[in-house]
Amino acid sequence: EAGVAQSPRYKIIEKRQSVAFWCNPISGHATLYWYQQILGQGPKLLIQFQNNGVVDDSQLPKDRFSAERLKGVDSTLKIQPAKLEDSAVYLCASSSLPGGSDNEQFFGPGTRLTVL
Amino acid sequence: SQQGEEDPQALSIQEGENATMNCSYKTSINNLQWYRQNSGRGLVHLILIRSNEREKHSGRLRVTLDTSKKSSSLLITASRAADTASYFCATGSGYALNFGKGTSLLVTP
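A. Structural detail: the environment of Lys69(B). Residues and elements named next belong to chain B. Mapped onto the secondary structure, Lys69 falls in the loop between strand E7 (61-66) and strand E8 (71-76). Assessed through its relative accessible area of 64%, Lys69 is described here as exposed. Sequence spacing of Lys69 and Ser24 is 45 residues, and the spatial spacing of their C-alpha atoms is 8.1 Å.

This is the structure we're talking about:
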């Protein structure tokens, strides 16, 4: 079974620029998550989708971050404008069942963002 | 918010030895999960233990959960160099899965 795909793998931008990340979950997985992992820390949930609806975006900095999941499959996460503190690895994960914390999540390789 | 907190932050052992890492958390949970992260395979789910379970095994892994102490432990027996990675506990109580900062394990030949 193919895993969670993410692109790009690396991105370097200057502060105040915009950037977008793409995620394709495991086929058939209804639940999709975006996490931010700052160096030396564990992943922090930014947003969770169930099909194409948002379940939890309480930790998403909505003044600069946005995410969508059109048609309940692929998802994009955008940062506009980027700040230095946004430098991190952005991880996408999916699971076959709803209920966020109750089920195994499958993670993609991540996108490493560097903001200069 | 990151609820789980792993201990120790770093651990170095030799191949064949056992490795034990601990996780403490603050609020009630539905379940607790352990994940491994290395540069080769990214973040991978290891095991999930539910709040009504006390111990669970998977291959060389043994996880315990003590809800009265709000703590869990992950034991890796007969460690191998390939076990070198960061290990995270993640606590769940609803939609969110909250990760700790992780324990960095180094297994030397």
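B. Expanded view of the interface of chain A and chain B. Opposite the 20 residues of chain A that make contact, chain B presents 21 residues. Between chain A and chain B, roughly 1600 Å² of surface is buried when both sides are summed, and carbon and sulfur atoms account for 49% of that area. Counting the surface chain A buries against chain B, the share from its top three residues, Ser101(A), Asp102(A) and Phe107(A), is 31%. Across the contact surface, chain A and chain B share zero salt bridges.

C. Representation of the sheet that holds strand E3 (residues 19-24) of chain A within the structure. All names here are of chain A. Spatially, four strands are ordered E1-E3-E8-E7 in an open sheet, and the strand pairing comes out antiparallel. The two strands at the open ends of the sheet, each matched to only one other strand, are strand E1 (5-7) and strand E7 (65-68). Strand-to-strand twist across the sheet, computed as the mean angle between neighbouring axes with direction ignored, equals 15°. The pairing of E1 with E3 spans three bridges and is classified as antiparallel. What sits directly across from Ala5, in E3, is Asn24.

D. Here's a closer look at the sheet that holds strand E6 (residues 55-58) of chain B. All names here are of chain B. Spatially, the five strands line up as an open sheet ordered E1-E3-E8-E7-E6, and their pairing is antiparallel. Unpaired on one side and paired on the other, strand E1 (5-7) and E6 mark the two borders of the sheet. On average, adjacent strands in this sheet sit at an angle of 20° to one another, irrespective of strand direction. Note that strand E3 (residues 19-24) and E8 share six bridges and pair antiparallel. When the bridges of E8 are listed, Cys23 appears paired with Ser72.

E. Here's a closer look at the state of the cysteines. Under the counting rule described, the total for this entry stands at two disulfides over all chains. Each sulfur of the disulfide joining Cys23(A) and Cys92(A) lies 1.9 Å from the other. Across the disulfide from Cys23(A) to Cys92(A), rotation about the S-S bond amounts to roughly -70°, and the bridge is consequently left-handed. With a gap of 69 residues between them, Cys23(A) in strand E3 and Cys92(A) in strand E9 (residues 88-95) connect regions that are remote in the sequence. You'll find Cys23(A) and Cys92(A) in the same group, each marked buried. Disulfide partner of Cys23(B): Cys89(B), at an S-S distance of 2.0 Å. Taking the sign of the torsion about the S-S bond as the criterion, the disulfide between Cys23(B) and Cys89(B), at about 65°, is right-handed. A residue pair is termed long-range when its members are at least 10 positions apart, and Cys23(B) in strand E3 and Cys89(B) in strand E9 (residues 85-92) qualify at 66 residues. A single burial state applies to Cys23(B) and to Cys89(B), both of which are buried.

F. Here's a closer look at the pattern of salt bridges. Residues and elements named next belong to chain B. Under the criterion given, the structure shown has five salt bridges over all chains. Between Arg60 and Asp83 there is a salt bridge; the shortest N-O distance is 2.9 Å. Here Arg60, found in the loop between E6 and E7, pairs with Asp83, found in the loop between E8 and E9; they are 23 residues apart in sequence, far enough to count as distant. Given a relative accessible area of 23%, Arg60 falls into the partly exposed group. The exposure class of Asp83 is buried, given its relative accessible area of 5%.

Parameters at a glance
Residues numbered from 1 in each chain as written. Chains lettered and ligands numbered in written order. Predicted model: local features only at pLDDT ≥ 70, side-chain atom pairs only at ≥ 80, totals over all residues. Heavy atoms only, no water. Helix = DSSP H or I, 4+ residues; strand = E, 2+ residues; numbered from the N terminus. Buried < 20%, exposed > 50% of the residue type's maximum accessible area, 1.4 Å probe, protein only. Contact = heavy atoms within 4.5 Å. Buried area = accessible area lost by both parts, 1.4 Å probe. Salt bridge = Lys/Arg side-chain N within 4 Å of Asp/Glu carboxyl O. Pairing = 2+ DSSP bridges. Axes fitted to C-alpha atoms, helices over the stretch in contact; angles between N-to-C directions. Disulfide = S-S within 2.5 Å.

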